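Chains, contacts and geometry: an overview
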Protein chains: 2
Amino acid sequence: MNTYIEKNKDRFLSELFDLLRIPSVSADSKYKQDVLKAADFIKDKLIAAGAAKAEICPTKGHPIVYGEKLIDPKAPTVLVYGHYDVQPPDPLNLWSSPPFEPVIKDGRVYARGSCDDKGQMYMHIKALETILKSSELNCNIKFLIEGEEEIGSDNLDSFVKENKDKLKADVVLISDTSIISEDCPSITVGLRGLCYLEVEVTGPKRDLHSGIYGGAVANPINTLCKMIASLKDENNHITIPGFYDDVKELSAKEREELNKIPFDLSEYQKELDIEDIEGEKGYTTIERTGIRPTLDVNGIWGGYTGEGAKTVLPSKAYAKISMRLVPGQNFEKVTKQFSEHFKAIAPKSVKVEVLPHHGGEPALIPTDFPGYEAASLAIEEVWGKKPLPTRDGGSIPIVSLFEKVLGLKTVLMGFGLDEDAIHSPNESYKVDHYFKGIETITLFYKHFSAISKGK
Amino acid sequence: MNTYIEKNKDRFLSELFDLLRIPSVSADSKYKQDVLKAADFIKDKLIAAGAAKAEICPTKGHPIVYGEKLIDPKAPTVLVYGHYDVQPPDPLNLWSSPPFEPVIKDGRVYARGSCDDKGQMYMHIKALETILKSSELNCNIKFLIEGEEEIGSDNLDSFVKENKDKLKADVVLISDTSIISEDCPSITVGLRGLCYLEVEVTGPKRDLHSGIYGGAVANPINTLCKMIASLKDENNHITIPGFYDDVKELSAKEREELNKIPFDLSEYQKELDIEDIEGEKGYTTIERTGIRPTLDVNGIWGGYTGEGAKTVLPSKAYAKISMRLVPGQNFEKVTKQFSEHFKAIAPKSVKVEVLPHHGGEPALIPTDFPGYEAASLAIEEVWGKKPLPTRDGGSIPIVSLFEKVLGLKTVLMGFGLDEDAIHSPNESYKVDHYFKGIETITLFYKHFSAISKGK
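Residues numbered from 1 in each chain as written. Chains lettered and ligands numbered in written order. Predicted model: local features only at pLDDT ≥ 70, side-chain atom pairs only at ≥ 80, totals over all residues. Heavy atoms only, no water.

**Let's talk about the domain arrangement of chain A**
Residue and element names in this part refer to chain A. Put simply, the rule is: Domain start and end points were adopted from an automatic or database domain assignment. Only heavy atoms enter the contact rule, under which two residues are in contact if any of them lie within 4.5 Å. Buried area adds together the accessible area that both of two parts lose upon being put together, with accessible area traced by a 1.4 Å probe. Whenever Lys or Arg places a side-chain nitrogen within 4 Å of a carboxyl oxygen from Asp or Glu, that contact is recorded as a salt bridge. Polar contacts here mean pairs of N or O atoms no more than 3.5 Å apart (in protein, one a potential hydrogen donor and the other a potential acceptor; neighbouring residues in sequence count only if both atoms are side-chain atoms). Lys, Arg, Asp and Glu make up the charged group, whereas Ala, Val, Leu, Ile, Met, Phe, Trp, Tyr, Cys and Pro make up the nonpolar group; the residues left over, Gly among them, are polar.
For chain A, the assigned domains read domain 1 (3-191 + 362-454) and domain 2 (193-247 + 293-360). The gap between the C-alpha centroids of domain 1 and domain 2 is 35 Å. The interface is formed by 13 residues belonging to domain 1 together with ten residues belonging to domain 2. Looking at the side of domain 1 facing domain 2, the largest losses of area belong to Pro362, Ser395 and Pro397, adding up to 57% of the total buried there. Where domain 1 touches domain 2, the interface holds zero salt bridges. Inspection of the region where domain 1 meets domain 2 yields zero residue pairs in polar contact (both at pLDDT 80 or more). Classifying every residue of the side of domain 1 that touches domain 2 gives six nonpolar, four polar and three charged.

Below is the structure:
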């Protein structure tokens, strides 16, 4: 390992712990002050690491932190993107230790955001420090660290559009994804898009006694269940009209290639403690999570949910529903398709509201441009193997934003693992990946500068 | 109105208010002390009203209050049943005034329990006082006031069995039901039974990121929705095998009689603000709530239900499901049928737990015995019209318990109205019905004693 990183391990970790202690949950307004505190923290640490400039840029929502270290107008420029906000920690009772009190156990840092994305984002700040203190920086670096990634990056779009010059670069570098395993490093080249909505079904205008009215008045929970159930057919195909129209089907050869990724189904089932997998007929697990769109209920609630029994026929029932989209699909079109369909299937006995939360476009990234090549070399140097290109089930909507507005390709060089349990209780990140990630990033700049010069 | 009631109106109301201020929610253990406080209150007020004896009888759960005023071993004996516990007040945000701070508005007392059953039960205590202070008591009266009605009267069964002698009587009198309207008084002669269960569906052992796993792993919320949806077919018949086997079908003539009850569908829809009703094909609204079994989801929850969006594929989803049963059906048999069916329809990709909460048998009461006749005469005297016998959708499981263990018929002489919104936010009870109810009860004793002597 790089000697400078080796020497500063403890401090690098303790700074990350300080960041993880700030509960910067962007989805919940009660954490607003903490989100601001996290932004300040990032700004200060950018300066401390050697950035020439760092600033808090207000938006209509949570602020964006911008920082830069420019060495030479002729050198290639890398735009580093990351986010300092985190997912809500619920359900709290399933955490083994408090989500905002980081601890190390079995070589992992446990805390909300340890991997997604504070841990991975902070590697970039420490990589900047490492290069400046121990070798030579051959690239210009710009940092764009936002606070709304977990709620759809609502204000990033206009910020990027209004700051095209400021954000001018040659490539975008993001660490917010996973590798297949330590023995099998990978770079994500496909991302699913996202369409997230909330639905509200109203039956009678007030809660009713289920004995007096039950059987004669539509129960909005039963109705919501029926409507949700009807969104997939017996083969787990999504039934929304037109939903698959724009899906780009892969060729037989592409599918064959994709399925070469090492995958052990029995290990997968064992790790999740499930007796059977379930998904769209005709596709493998790798395909179902990589190249096929999905529909999941992320939350549902209605009626009496307390202890014991209450014989209520409730007035309202709610659900949060999201769809993962694949290349070809457009989240605005899918939002419209879902909303229209969901209203169309509602019986006259209830009223339905559909509230779009946010969305993001799917993305496909090539493997033959300098950014990818630099990442591939850097990973091979640190992890001992050439990384495989993979398609990820998750969504990083800003990848298509950077492509459209700035004309930039993105390198998704993340070091998470499936078992990091991001978005779940007991999220964690391997301590070792944190340090190896910092080292890999320093080498990325070296290779990117060399390849860029050579071209 | 009876002069004694007229003179003591304010005090009768203020005592009821004191009782309503005690949040005796039996379903939620955090109210345990309040439940005990309510039991003490009832005991004290029985003595104050003139009962010769009143005592708190401990059970494995909340205590039962027993009281008596015995005048003559040869006089007929009436066993008054009521309950001092109330439904949980949730959802709190829909109450116009706090549920445990009673207020009078437009001639109604607003508070949790104002009708069900504190208001109606307390009429009996005030009726005892009224008779003793202003006329002559010709019956022995025994009071059995429990604290677990809203959670299934789990401990009443053994109490009644162990106290057969103490509870010996000629009839049971209960005020815990409604009349059709002020212009159309009624006595409930049919009650539905109840079978209440909670189900838990587990998918993966931990919450997952819906991007990484979505589409490949069963989502327990989607699965629960599908399972619930399948419990009714396109005609809203319940699909649980054997569910209807024991349902006693009514004859065409009986159905014709039943449908003579005044009912205005457009008024019903308007009051509930629904564009359409919904229920089992082939039956009217009166039949759907009176003589047909039902299945309602009373509560559902799972995944992220907070503000904003969280892209989680949750580990677990839950629902509280209850079925109203009709004469012929047995709640233990239905509990078994439901549990077996619900487990049978679960796909291998999830695990299912079914936890029975409580149940109660349906009941049918004749209209040709002294108790019913006395109630009919008392109501006619106070309300100006002979009451109609009706079938109620709700459940009072103890009616069949009294029949089986004590060999007693029950008179369901309640004075609620549909719009009292029992079990709902803003529960209320008409002030006028409270006083008229007290008067009707005093007259019931007069008529019951006279009819019993005449026989």
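**Focus: the interface of chain A and chain B**
You'll often see interface size given as the accessible area lost when the parts meet. Let me state the cut-off plainly: Each helix is a run of DSSP H or I of at least 4 residues and each strand a run of E of at least 2, with the numbering of both proceeding from the N terminus. The rule for pairing is simple: two strands pair if DSSP sees at least two bridges between them.
At the junction of the two partners, chain A supplies 92 residues and chain B supplies 92 residues. When chain A packs against chain B, close to 7,900 Å² is buried across both sides, 50% of that on carbon and sulfur atoms. Of all residues in chain A, the largest losses of buried area upon contact with chain B belong to Glu278(A), Ile300(A) and Lys310(A), amounting jointly to 8% of the total for that side. Our count for the contact surface shared by chain A and chain B stands at four salt bridges. Across the pair Glu271(B) and Arg206(A) runs a salt bridge, and its minimum N-O distance is 3.3 Å. Where chain A touches chain B, the interface holds 41 residue pairs in polar contact (both at pLDDT 80 or more). Tallying contributions element by element places strand β11 (residues 294-303) of chain A first for the side of chain A that touches chain B, with ten residues. Looking at the side of chain A that touches chain B residue by residue, the classes come out as 33 nonpolar, 32 polar and 27 charged. Both β11(A) and strand β11 (residues 294-303) of chain B contribute to a ladder of five bridges, which runs antiparallel.

**Here's the deal with the environment of Asp154(A)**
Residues and elements named next belong to chain A. In this structure, Asp154 sits in the loop between β6 (140-146) and α4 (156-162). Along the sequence, Asp154 and Lys60 sit 94 residues apart, while their C-alpha atoms lie 8.9 Å from each other. Discounting residues that sit within four places of it in the chain, Asp154 has contacts with Glu148 and His358.

**Let's talk about unusual backbone geometry**
Residue and element names in this part refer to chain A. To be explicit about the condition: Whether a residue is buried, partly exposed or exposed follows from its accessible area with a 1.4 Å probe, protein chains only, as a fraction of its type maximum: under 20%, in between, or over 50%, in that order.
Here the amide bond leading from Asp116 into Asp117 is cis, since omega sits at -5°, within 30 degrees of zero. Relative to the helices and strands, Asp117 is located in the loop between β5 (108-110) and α3 (118-134). With a phi angle near 55°, Asp273 is a residue other than glycine that sits in the positive phi range. By secondary structure assignment, the location of Asp273 is in the loop between α8 (265-272) and α9 (285-290). Here His423, not a glycine, exhibits a phi torsion of approximately 70°, which is positive. Tracing the backbone through its elements, the reader meets His423 in the loop between β17 (410-412) and β18 (428-430). Judged by relative accessible area, His423 falls into the buried class, the value being 4%.

**Some remarks on the pattern of salt bridges**
Under the criterion given, the structure shown has 50 salt bridges over all chains. One salt bridge in this structure joins Glu257(A) and Lys260(A), with 2.9 Å as the shortest N-O distance. For Glu257(A), a relative accessible area of 44% translates into the label partly exposed. A relative accessible area of 55% means that Lys260(A) is categorised as exposed. We note a salt bridge from Lys409(B) to Glu403(B), for which the minimum N-O separation is 3.5 Å.

**Some thoughts on the packing of helix α3 (residues 118-134) of chain B against helix α13 (residues 431-454) of chain B**
All names here are of chain B. What counts is decided by this rule: Only C-alpha atoms enter the line fits that serve as axes; for helices the fit covers just the stretch in contact. Angles between N-to-C directions range over 0 to 180 degrees. Any angle from 65 to 115 degrees is called roughly perpendicular, while one under 35 is roughly parallel, one over 145 is roughly antiparallel, and all others are oblique. A crossing counts as left-handed when the near helix is turned anticlockwise from the far one by less than a right angle, and as right-handed when that turn is clockwise.
α13 packs onto α3 with a crossing angle of 55° between their chain directions and a minimal axis gap of 8 Å. Compared by their axis directions, α3 and α13 come out oblique. Of the two possible hands of crossing, α3 and α13 adopt the one that is right-handed. Between α3 and α13, the contacting residues are Gly119, Tyr122, Met123, His124, Lys126, Ala127, Thr130 and Ile131 on the first element and His433, Tyr434, Gly437, Ile438, Ile441, Thr442 and Tyr445 on the second. Its residues assigned to classes, the contact of α3 with α13 comprises eight nonpolar, six polar and one charged.

**Some thoughts on the packing of aromatic side chains**
Residue and element names in this part refer to chain B. Keep this limit in mind: Any two of the Phe, Tyr and Trp rings considered here, Trp counted by its six-membered ring, make a pair once their centres fall within 6.5 Å; the pair's planes then place it as stacked at under 30 degrees, edge-to-face at over 60, or tilted in between.
Applying the stated criterion across every chain, the model contains 24 aromatic pairs over all chains. Each ring, one from Phe41 and one from Tyr122, has its centre 6.2 Å from the other, and the planes form 45°; the classification is tilted. Pair noted here: Phe41 is in helix α2 (residues 32-49) and Tyr122 is in helix α3, with a separation of 81 residues, a long-range link. Take Phe41 and Tyr122: they sit in the same class, and that class is buried. Relative to Phe415, the ring of Trp383 has its centre 5.4 Å away and its plane inclined at 5°; by these criteria the two rings are stacked.

**Regarding the UniProt feature "domain: Peptidase M20 dimerisation" (unreviewed entry) in chain A**
Quick note on the threshold: UniProt positions are given in the numbering used here, feature names are shortened, and annotations may be inferred rather than shown by experiment.
Per the UniProt record, the feature "domain: Peptidase M20 dimerisation" (unreviewed entry) sits at residues 190-348 of chain A. Secondary structure content for residues 190-348 of chain A is 31% helix and 23% strand, while the C-alpha to C-alpha distance between its ends is 42 Å.

**Brief notes about the sheet that holds strand β4 (residues 103-105) of chain B**
Residues and elements named next belong to chain B. Read from one edge to the other, the open sheet built from three strands follows the order β4-β5-β18, with strand pairing classed as antiparallel. With partners counted over all chains shown, the strands left at the sheet margins are β4 and β18 (428-430), one partner each. Here the strands of the sheet are splayed against their neighbours by 30° on average, with no regard to which way each runs.

**A closer look at the pairing of β6(A)**
All names here are of chain A. β6 sits mainly inside the fold: seven of its seven residues count as buried. In β6, alternate side chains face the same way, and those of Asn140, Lys142, Leu144 and Glu146 on one face and Ile141, Phe143 and Ile145 on the other are all buried. Bridge count for strand β2 (residues 64-69) against β6 is five bridges, and the pairing is antiparallel. Along β6, the bridge assignment pairs Lys69 with Ile141. In the sheet, strand β3 (residues 77-83) pairs with β6 via seven bridges, with the strands oriented parallel. Looking at the pairing, Thr77 lines up with Asn140 of β6.

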